[in-house]
Amino acid sequence: MFQKYKSAELVKPGGLDLKDRLVGVQRVTKVTKGGRAFGFSAIVVVGDEAGVVGQGLGKSKDVASAIAKAVEDAKKNLVRIPIIKGTLPHEQKGKYGGARVNIIPAAPGTGVIAGGAVRTVLEAVGVHDVLSKSQGSSNPHNVVKATFDALLQLRDANTIARDRGISLEQVFNA
């Protein structure tokens with residue numbers, strides 16, 4: 001899922017204190033010749049609230065096993081996000097399907113100004129001060145993926161300096 005991001009650092013779940021947060025559960029229906037077959041799909045975000053986060057989707061005939069499957073899937077997709085003093089290194093826009101998310105760093109004490117699925121992801125990452133705006137589709141699946149798109153594009157100053165082959169001082173003074 002994260003192959004297109006060169007700064008995405010995949011993380012193994014071992015040794016991390018991960019907390020899972022349920023974003024949403026949908027009841028889905030499959031119409032067969034014998035009637036309607038009901039099932040559930042759950043989207044879950046797991047994170048250690050210190051820069052590591054992952055998201056997963058689980059589907060099952062009952063809610064509990066759908067959530068359990070989603071948590072297992074999320075643990076397979078863990079990535080590290082750069083956080084500086086409880087906020088983001090810079091403003092970033094993310095897009096997935098019809099959902100667009102804009103996340104903006106904020107001053108200490110601002111809190112997490114975000115709605116729904118975006119708030120869940122940002123809290124799981126461990127960001128304490130951030131502004132955000134979600135536009136377009138409000139489908140939680142797409143909003144979570146758009147938020148991940150924005151977070152995975154974030155780069156801290158050290159990464160930028162290394163990519164450009166210059167010193168850290170030159171990043172800020174050039």
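For clarity, every value in this text was computed on a predicted model and none was experimentally measured.

Trainee: Before we move on, can you summarise a nonpolar patch on the surface with the specific residues and values?
Mentor: Residues Leu22, Val25 and Val63 make up a contiguous nonpolar surface patch of roughly 210 Å² in combined accessible area. Mapped onto the secondary structure, Val25 falls in strand β2 (residues 19-32).

Trainee: Tell me about the environment of Asp149, and please be specific about residues and values.
Mentor: By the element assignment, Asp149 lies in helix α3 (residues 140-152). Take Asp149: its relative accessible area is 8%, and that puts it in the buried class. For the pair Asp149 and His128, spaced 21 residues apart in sequence, the C-alpha separation works out to 19 Å.

Trainee: I'd love a proper account of the sheet that holds strand β7 (residues 99-105), names of residues and values included.
Mentor: Sheet strands pair via backbone hydrogen bonds, and the direction of the pair is either parallel or antiparallel. On the basis of which strands lie adjacent, the open sheet formed by four strands has the order β6-β7-β9-β8 and mixed pairing. Every other strand in the sheet has two partners, leaving β6 (92-96) and β8 (112-113) as the edge strands with one partner each. Where β7 meets strand β9 (residues 130-136), seven bridges bridge the pair, whose relative direction is antiparallel. Among the inter-strand pairings, Pro105 is bridged to a residue of β9, identified as Val130. Those strands touched by α3 are β6, β7 and β9, and its axis lies near 140 degrees from that of β6.

Trainee: So what about the domain arrangement of the protein? Which residues, and what values?
Mentor: For the protein, the assigned domains read domain 1 (9-79) and domain 2 (83-168). Here the C-alpha centre of domain 2 lies 21 Å away from the C-alpha centre of domain 1. Opposite the 18 residues of domain 1 that make contact, domain 2 presents 14 residues. Here domain 1 is connected to domain 2 by one salt bridge. We note a salt bridge from Glu123 to Arg21, for which the minimum N-O separation is 3.3 Å. Linking domain 1 to domain 2 there are five residue pairs in polar contact (both at pLDDT 80 or more). For the side of domain 1 that touches domain 2, the secondary structure elements donating two or more residues are β2, β3 (35-47) and β4 (52-60).

Trainee: Describe in detail the nonpolar core, supporting the description with residues and values.
Mentor: Of all hydrophobic cores here, the largest spans 27 residues; its most connected members are Val53, Ile81, Ile103, Leu122 and Leu151. Elements represented by at least two residues in this core include exactly β3, β7, α2 (116-125) and α3. The element contributing the most residues to this core is α3, with seven residues. Each of domain 1 (9-79) and domain 2 (83-168) accounts for three or more of the residues forming this core. Leave out the neighbours within four places in its chain, and Val53 touches Val45, Val46, Gly47, Asn77, Leu78, Val79, Ile81, Val121, Ala124, Val125 and Phe148.

Cut-off values and rules
- Within each chain, residues carry numbers counting from 1 in the order of the written sequence.
- In keeping with the predicted nature of the model, local features appear solely for residues at pLDDT of at least 70, side-chain atom pairs appear and are counted solely at 80 or more, and the whole-chain, interface and lining totals rest on all residues.
- Computation of side-chain values: all heavy atoms of the structure, hydrogens and water removed.
- For patch building, the residue pool is restricted to those with more than 30% relative accessible area and no salt bridge; the joining distance is 9 Å between like charges and 5 Å between nonpolar side chains (Val, Leu, Ile, Met, Phe, Trp, Tyr).
- In these tables, accessible area is a Shrake-Rupley quantity obtained with a 1.4 Å probe, and a residue counts as shielded only by the protein chains included in the view.
- Counted as salt bridges are all cases of a side-chain nitrogen of Lys or Arg within 4 Å of a carboxyl oxygen of Asp or Glu.
- Helix and strand assignments come from DSSP, with helices taken as H or I runs of at least 4 residues and strands as E runs of at least 2, each series counted from the N terminus.
- In this scheme, a residue with accessible area under 20% of its type's maximum is buried, one over 50% is exposed, and one in between is partly exposed, where area comes from a 1.4 Å probe on protein chains only.
- For two strands to be treated as a pair, DSSP must find no fewer than two bridges joining them.
- We call two residues in contact when some of their heavy atoms are within 4.5 Å.
- To obtain an axis, a line is fitted to C-alpha atoms, over the contacting stretch when the element is a helix, and the angle between two such axes runs from 0 to 180 degrees between their N-to-C directions.
- Reported domain spans reflect what an automatic or database domain assignment gives.
- Nitrogen and oxygen atoms within 3.5 Å of one another constitute a polar contact, given that in protein one can donate a hydrogen and the other can accept it, and given that sequence-neighbouring residues count only through two side-chain atoms.
- Nonpolar core, defined: a set of buried Ala, Val, Leu, Ile, Met, Phe, Trp, Tyr and Cys residues in which side-chain atoms within 4.5 Å join the residues together.

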